[in-house]
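# A look at the structure
One-letter residues, chain by chain:
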Amino acid sequence: MRPSISRTRLMTIATAIAAVGVLVPAPAASAATASFSVGRVTLGSGKTIVSRWNPCQHITYKVNLASVPAASRTRILAETKLAIRILASKTGLVYTYRGQTREVPRVGSSARQSAELIIAFTTPSRTNYNLAGSIVAQGGTSRSSWSTWNGTAKTYGSAITRGFVVVDTPDLMRRLKPGFGTGFRRGNLLLHELAHTTGLGHVNNTRLLMNPAINASTPSGFAASDVVGLAALGRRAGCITVPAFVAKDLN
């Protein structure tokens, strides 16, 4: 699994996608340049495919609430679980909650995660993902690529195998309203970052949740074009056969 980072635009550095959620004023008007953006990977055969999970597996996830004030932990966990359910309903992906953790994703740590997806409410000092300035969260993926030989020909494949979200918790609590709804809401930030963990990237369109900046007019949850992109990365795209030697927990 080889991770990479993309910030305010989709930009593959190695073989995966990660992206940030920011809280800055967006332009009053923004032309729609694309309805959605997805990551892609070029296989050893030279073929380029969309980077996505195997939708026929269960994606396990854990949540780190260590930096959340004790009085807010129940609500933050409930908001996170609801965001996962909304994401599942738009993608057809199946998520299984495996409890709480104290893990904090860092660059290069994905192979050691105790679940496929780790969502950490943390502080900037505990991760080396950038949570400085207006960046309140980052979400992204790592993927594995492989080739198999049947004695006659090689077959190539690739799939997302790990995902992460890290949130600057003090910033989240100070700058965002609780729950879901239009504008500066915790639910919008969670949905935006969780969409990155499916392989969905940023688009320059303030009418969509995947615009890189959350602003006062950010829609309540995923807009229609966001949903089209999520569906393209989900169950309707078909199963991916992941060899057992790649990651046994993905079969």
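Residues numbered from 1 in each chain as written. Predicted model: local features only at pLDDT ≥ 70, side-chain atom pairs only at ≥ 80, totals over all residues. Heavy atoms only, no water.

Counting its regular elements, the protein chain contains four helices and nine strands. Listing every helix and strand of the protein chain by position from the N terminus yields β-β-β-β-β-α-β-β-β-β-α-α-α. When the 251 residues of the protein chain are sorted by exposure, 54% land in the buried category. Partitioning the intrachain contacts of the protein chain with sequence separation of at least 6 by distance along the chain shows that 70% fall at a separation of at least 24. For the protein chain, the exposed surface amounts to about 10600 Å²; the carbon and sulfur share of it is 53%. (Helix = DSSP H or I, 4+ residues; strand = E, 2+ residues; numbered from the N terminus. Buried < 20%, exposed > 50% of the residue type's maximum accessible area, 1.4 Å probe, protein only. Contact = heavy atoms within 4.5 Å. Areas by Shrake-Rupley, 256 points an atom, 1.4 Å probe, with all protein chains shown as cover.)

Let us look at the pairing of strand β9 (residues 154-168). Extensive coverage of β9 is indicated by the burial of twelve of its 15 residues. One ladder, built from six bridges, connects strand β7 (residues 117-122) with β9; its direction is parallel. Each residue of the ladder has a partner; that of Leu 117, found in β9, is Gly 163. In terms of strand pairing, strand β8 (residues 135-149) meets β9 through 13 bridges, oriented antiparallel. Opposite Gly 140, over in β9, you have Phe 164 as the bridge partner. Taking the residues that link successive antiparallel strands as the turn, the β8-β9 hairpin has four residues, and the phi of Gly 151 there is positive, at about 95 degrees. (Pairing = 2+ DSSP bridges.)

Enumeration over the complete set of coordinates arrives at one disulfide. Covalent S-S linkage joins Cys 56 and Cys 239, the inter-sulfur distance amounting to 1.7 Å. On the sign convention where negative is left-handed, the bridge of Cys 56 and Cys 239, at about -65 degrees about the S-S bond, is left-handed. Of this pair, Cys 56 sits in the loop between β4 (48-50) and β5 (58-64) while Cys 239 sits in the segment after α4 (224-232), placing them 183 residues apart in sequence. (Disulfide = S-S within 2.5 Å.)

Time to look at α4. Among all positions in α4, only Asp 226, Gly 229, Leu 230 and Ala 231 are buried. Next to the buried residues of α4 lie α1 (73-91) and α3 (186-196).

Attention now goes to the confidence of the model for the protein chain. Confidence in the prediction for the protein chain averages 87 pLDDT; 85% of positions are at 70 or higher. Contacts from residues 1-20, a stretch scored under 50 in pLDDT, to residues over four places away or in other chains number 72 contacts. Low pLDDT (under 50) marks residues 22-33, which in the prediction has 30 contacts with non-local residues, meaning those over four places away or in another chain. (pLDDT = per-residue confidence, 0-100.)

Inspection of every chain in the model, using the stated rule, returns two aromatic pairs. Centre to centre, the rings of Tyr 61 and Tyr 97 are 5.3 Å apart; their planes meet at 45 degrees, and the pair counts as tilted. Of the two residues, Tyr 61 sits in strand β5 while Tyr 97 sits in strand β6 (residues 94-100), which places them 36 residues apart along the sequence. By relative accessible area, Tyr 61 is classed as buried at 4%. Given a relative accessible area of 28%, Tyr 97 falls into the partly exposed group. (Phe/Tyr/Trp six-rings, centres within 6.5 Å; stacked < 30°, edge-to-face > 60°.)

Residue placement: Thr 80 occurs in helix α1. Since its relative accessible area comes to 0%, Thr 80 is described here as buried. What Thr 80 contacts, discounting residues up to four positions off in sequence, is Val 63, Ile 119, Phe 121 and Leu 190.

Here α1 spans 27 Å end to end across 19 residues, near enough to the 27 Å set by a 1.5 Å rise per residue. Within α1, the full set of buried residues consists of Ile 76, Leu 77, Glu 79, Thr 80, Ala 83, Ile 84, Leu 87 and Thr 91. With its buried residues spanning 160 degrees around the axis, α1 presents them on a single face. Exposed side of α1, more than 90 degrees from the buried face: Thr 74, Arg 85 and Ser 89 are the residues found there. (Expected span 1.5 Å × (residues − 1). Arc of directions from axis to C-beta.)

As a packed pair, α1 and α4 sit with axes 8 Å apart at the nearest point and diverge in direction by 75 degrees. The angle between α1 and α4 falls in the class roughly perpendicular. In contact with Leu 87, Lys 90 and Thr 91 of α1, α4 contributes Val 227, Leu 230 and Ala 231. Here the residues of the contact of α1 with α4 sort into four nonpolar, one polar and one charged. (Axes fitted to C-alpha atoms, helices over the stretch in contact; angles between N-to-C directions. Parallel < 35°, antiparallel > 145°, perpendicular 65-115°, else oblique. Nonpolar A, V, L, I, M, F, W, Y, C, P; charged D, E, K, R; others polar.)

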